[in-house]
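In case you want the letters, here they are:
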Amino acid sequence: MPDPVRLPYSQLDQFPDRDPEETAEWRESLDAVTEAAGPHRAAYLMRRTLENSGLALPQLLESDYLNTIPTAAEPAVPGDEAMEARIAAWNRWNAAAMVTRGAPYGVGGHIATFASAAWLYETGFNHFFRGKEGDGSGDQLYIQGHAAPGIYARAFLDGRLTEDHLDHFRREAGGKGIPSYPHPRRLPWLWEFPTVSMGLGPLSAIYQARFNRYLTNRGIKDVSASRVWAFLGDGEMDEPESTAALALAAREGLDNLTFVINCNLQRLDGPVRANFKIVQELEAQFRGAGWNVVKTLWGTAWDELFRLDTTGALARRLREVPDAQFQTYATRDAAYIRDHFFGAEPALVEMAKLLGDDKILECFHLSRGGHEARKVYAAYKAALEHKGAPTVILAQTVKGFTLGKGFESKNANHQMKKLTVDEFKAMRDLLELPISDSDFVDGKVPYGHPGADSPEVRYLQERRAELGGPAPARRVHPLAPLPAPADKAFAAFDKGSGSQSVATTMAFVRLVKDLVRDKETGKRWVPIVPDEARTFGMESLFPSLGIYSPKGQTYEPVDRDQLMYYKEAKDGQILNEGITEAGSMADFIAAATAYATHGETMIPFYIFYSMFGWQRTADQMWQLGDQLGKGFLVGATAGRTTLTGEGLQHADGHSPMIAATNPAALTYDPAFAYEVAAIVKDGLRRMYGEAAPGEDPNVFYYLTVYNEPMPQPAKPAGVDEGIVRGLYRFNTAATAGVSAPADAPAVQLLASGTAIHWALKAQQLLAEEWGVAADVWSATSWTELRRDALEADEATLRGEERTPYLREALSGVEGPVLAVSDYMRQVPDQIAQWVEQDYSSLGADGFGLSDTRDAARRHFGVDAESIVVAALAQLARRGEVQASAVKEARERYGL
């Protein structure tokens, strides 16, 4: 019979058919099957043939809406399944009890997510997740944030948490509470990875698995036994970060990575794909990216129905019913399901006649692959055994499973924070827990625990001991401080550059180039760049360090005959990520936390266009701080007016302001090469060496560096403390050699980054043309000055005597203070309230624009002449210069 959907052409038409008659016979055979038994039978025969042929043919992107692993192929679960069921029951109970007991305090919590995913976690904890008591690394577990109550419940059962801890869920202010979600900074002995900012978990998991390979291939530490497990929600997969790096994981063959997606078909407020099928969509997406896909959809109750499906009608119906309708089936009676589901096709009507109502309700209400230990175990085992590609397990569950009819599959269940006493009693009976009615004192649900020496607890602890200790767990290994690099690398910048113009970006790259040669610590540097390494002058590192690639270099690079050729290597040190700030940040986080994850101190530095760092990936930078990561973020081509010609989308006038909102970020805007060296040196000491008393070593540094080549001055004596603390006097009018009268009015010019060069020119103009003596100060960190002042204020409120460093530094200086930077005025205005002198500021507010540097600076009113006019205006308000001088200066400079 003719094929009505046959395309008029085929890719195969490009090649000669060596035997057209044989091809015609195959087509005629398929046509005959299609006419006699229907197209579904023909498709079945084709798939059977292809599955058993071993031919290298493109893979289908979707399979039927069935389990990948048939029941007959499932391995037996080792251990005591009944015991594990009792453990899971206790954990389900205590997770719900913990959230419910917190409800009167208004702190919230989530119940339904863990209820659906309990077996996905329990099976892993009992049989797969490796702890840290072996090689110190174990497996890395990215726990779905909303499932945290279930993890706390298990830690309570094994003795790591107490009832008092559970009663202080989401009540941390008193010091003994536990956080709402996985937060390493709040509970650093338990949580390794913050995951509740949805989408960051899957992205980070991919790059963590990749970084594990990086550590192994570079010979830092063999972590090939570590596996990364990421537990995700089907709704979470809508986040672009969730699927942003799927191709990288497949391209690099990360078979040390498993995604477990809890497909309960619901997002926070309703169905994930109401009119479609999220499982099928995800299967196609992951298969298309090159992943191994395992679908675990149906429980064993469905086996009888599949055996009755001799026509394929059931498989077809399962595939065509949209997710929102399946959610409805999970809440409706058998008559509705018979009519609506089975009534769609005569073959299904006949099948339904063989099924009792109880069987139908069991299948459609309860029986899901993600709720059965045997099904989950088979999927996990298949993931471990698959080589050459990462695996995603699509496990179907019912959201709110075991919580009763008021919760299960309800659109609102994500927002439901408590069960009634009667609902708890029904749950107790369903789970067969030995909790009596008398345990509900004054209507308060009790926690349940079988006893520290009970068979359940002993079994749980024995299983974890065999797998390498508790999980999840974060361990900070007792690592010796890294030896400080030789001073020679830093001192090289102290003499300045003479007449040679050097941009601070190039100074930083030169410093790193020297530091990576250090015999003790050089190998621990992890240079990270999103594609434009040559823009930042990093190509000189390519031949010496190599660009990391698990395949090495399988081609001859086009620039092989050049000194700085593009060299890839399996043990390469540079992570050159391509155009992905999000991927680069995920790299950085994995490297920045390796001291805890693997007991290996690594020193990442990630250099990027400053405009495309914080404003694009600030959420990941918050994740970095939450995960107690360390390292150097470097915002290159910084400032609103330095990147000539690029315009609005490239002109960064605000990254230091965004960075200032992150408590773990130490933000610096250095003006000179020697400042860059001093800041990096102190950062290495604080983060990796010996932190001073009261210093938090779990911080990271953000340095802005510029692409504007300028002569670099020699380092003045005694300025190191000021560089690190945020402010020092670079020169005075006298030391600068400018001529101003002895009784000249004074002004203090505070400038950061490249703005100091405009301030120095303004210093000269003020003296020579207006008789004003200006001192120039380098404000290396407005944010650190502010934080120090805030701490001083807090100390004062406690009755302590403390003066902010900013006020000490400016104590006794004459004249008003004028602050200027290449950023919006809000950046220098961070310090305004602590400056005792008259204070004003200049900045590049508004949107950026394309033009020359000089024109852009004149446009924003931050160039040297604009500084002069602003300084004269301050002095005029004080009566120290004639008011007419301000107008005269504006006219003279054309402002």
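Computed from a predicted model, the values in this text were never measured in an experiment.

This paragraph deals with the overall build of the chain. Helix and strand content of the chain: 35 helices and 20 strands. On the principal axes, the C-alpha backbone points of the chain span a range of 110 × 85 × 55 Å. Put simply, the chain has 895 residues, and 58% of those count as buried. Expressed as a percentage of contacts within the chain between residues at least 6 apart in sequence, the contacts between residues at least 24 apart total 78%. Both charge centroids of the chain, one from 92 positive and one from 119 negative side chains, sit 2 Å from each other.

Among the 7 residues in strand β11 (residues 603-609), 7 count as buried, and that is most of the element. In the sheet, strand β7 (residues 525-529) pairs with β11 via 4 bridges, with the strands oriented parallel. For Val526, the partnering residue across the bridge sits in β11 and is Pro604. Across 5 bridges, the pairing between β11 and strand β12 (residues 631-636) is parallel. Opposite Ile607, over in β12, you have Val634 as the bridge partner. For the segment spanning β11, helix α25 (residues 614-626) and β12, crossover handedness is right-handed.

In terms of nonpolar packing, the biggest core is built from 88 residues, with Trp525, Phe632, Val680 and Leu749 touching the most fellow members. If one sorts the elements of this core by residue count, helix α27 (residues 673-688) sits on top with 10 residues. Once you skip the residues sitting within four places of it in the chain, Leu749 turns out to touch Ala759, Ala762, Gln763, Leu766, Ala774, Asp775, Val776, Trp777, Leu818 and Ile867. Of all hydrophobic cores here, the second largest spans 65 residues; its members include Ile87, Ala115, Phe129 and Trp229.

Counted under the stated rule, the structure contains 49 aromatic pairs. Both rings, one in Phe211 and one in Tyr214, keep their centres 5.2 Å apart while their planes meet at 25°; by these two values the pair is stacked. Here the residue Phe211 and the residue Tyr214 both occupy positions in helix α7 (residues 200-217), the gap between them amounting to 3 residues, near one helical turn. Take Phe211: its relative accessible area is 1%, and that puts it in the buried class. Taking 5.8 Å as the distance between ring centres and 90° as the angle between the ring planes, the aromatic pair formed by Tyr329 and Phe341 counts as edge-to-face.

Here we take up the environment of Leu141. One can find Leu141 in strand β1 (residues 140-142). Judged by relative accessible area, Leu141 falls into the buried class, the value being 7%. Among residues more than four places away in sequence, those in contact with Leu141 are Phe125, Phe129, Phe193, Trp229, Ala471 and Pro472.

Now for unusual backbone geometry. Glycine aside, residues mostly have negative phi angles, and peptide bonds mostly take the trans form. Omega for the peptide link from Ala471 to Pro472 comes to -10°, which places this bond in the cis form. Within the element layout of this structure, Pro472 appears in the loop between α19 (455-466) and α20 (487-491). Here Arg170, not a glycine, exhibits a phi torsion of approximately 65°, which is positive. Tracing the sequence through the fold places Arg170 in the loop between α6 (163-167) and α7. Look at Thr402: it is not a glycine, yet its phi comes out positive at around 75°. Assignment of secondary structure puts Thr402 in the loop between β5 (391-396) and α18 (421-431).

A few words on the sheet that holds strand β14 (residues 700-704). Across the sheet, which stays open at both edges, the 6 strands sit in the order β10-β7-β11-β12-β14-β13 with parallel pairing between neighbours. Each edge of the open sheet carries a strand with a single partner, namely β10 (575-576) and β13 (665-668). In terms of strand pairing, β7 meets β10 through 2 bridges, oriented parallel. Bridge pairing in β10 places Ile528 opposite Leu575. Running at roughly 155° to β11, helix α21 (residues 504-515) makes contact with β7, β11 and β12 of the sheet. Those strands touched by helix α23 (residues 581-592) are β7, β10, β11 and β12, and its axis lies near 165° from that of β11.

What follows is about α21. Residues spaced three or four apart along an α-helix point in a common direction, a consequence of the helix completing one turn every 3.6 residues. For α21, built from 12 residues, the straight-helix expectation of 16 Å at 1.5 Å per residue is met to within 8% by its first-to-last C-alpha distance of 16 Å. Of the residues making up α21, those classed as buried are Thr504, Thr505, Ala507, Phe508, Val509, Leu511, Val512 and Leu515. On the buried face of α21, the contacting elements are α20, β6 (501-502), β7, β11, β12 and α27.

If you walk across this open sheet you meet the 5 strands as β1-β2-β3-β5-β4, and the pairing is parallel. Of all the strands in the sheet, the pair left with one neighbour each is β1 and β4 (292-296). The average angle at which neighbouring strand axes cross in this sheet is 15°, direction not considered. Most of the contacts of helix α4 (residues 112-127) go to strand β3 (residues 257-263), to which it runs at about 150°, and overall it touches β1, β2 (228-233), β3 and β5.

On average, the chain scores 93 in pLDDT, and the residues at 70 or more come to 97%. Throughout residues 1-7 the model reports pLDDT below 50, and contacts reaching past four residues in sequence, or to other chains, amount to 6 contacts.

Within the secondary structure, His168 is located in the loop between α6 and α7. By relative accessible area, His168 is classed as buried at 15%. Placed 630 residues apart in sequence, His168 and Arg798 show a C-alpha to C-alpha distance of 27 Å. With near-sequence residues (within four places) excluded, His168 lies in contact with Lys176, Gly177 and Ile178.

Counted under the stated rule, the structure contains 59 salt bridges. Of the charged contacts in the structure, one is a salt bridge between Arg273 and Asp238, with a shortest N-O distance of 2.7 Å. Taken together, the residues Arg273 in the loop between β3 and α10 (278-289) and Asp238 in the loop between β2 and α8 (240-243) connect sequence positions 35 residues apart. For Arg273, a relative accessible area of 15% corresponds to the buried category. The class for Asp238 is partly exposed, based on a relative accessible area of 36%. For Arg338, the salt bridge goes to Asp357, with nearest N and O atoms at 3.0 Å. Residue Arg338 is found in helix α14 (residues 334-340), and its partner Asp357 is found in helix α16 (residues 357-366); the two are separated by 19 residues along the sequence.

What counts and how
Residues numbered from 1 in each chain as written. Predicted model: local features only at pLDDT ≥ 70, side-chain atom pairs only at ≥ 80, totals over all residues. Heavy atoms only, no water. Helix = DSSP H or I, 4+ residues; strand = E, 2+ residues; numbered from the N terminus. Buried < 20%, exposed > 50% of the residue type's maximum accessible area, 1.4 Å probe, protein only. Contact = heavy atoms within 4.5 Å. Lys, Arg positive; Asp, Glu negative; His and termini not counted. Charge placed at Lys NZ, Arg CZ, Asp CG, Glu CD. Pairing = 2+ DSSP bridges. Right-handed = clockwise from strand over helix to strand, strands pointing away. Core = buried A, V, L, I, M, F, W, Y, C linked by side-chain atoms within 4.5 Å. Phe/Tyr/Trp six-rings, centres within 6.5 Å; stacked < 30°, edge-to-face > 60°. Axes fitted to C-alpha atoms, helices over the stretch in contact; angles between N-to-C directions. Expected span 1.5 Å × (residues − 1). pLDDT = per-residue confidence, 0-100. Salt bridge = Lys/Arg side-chain N within 4 Å of Asp/Glu carboxyl O.

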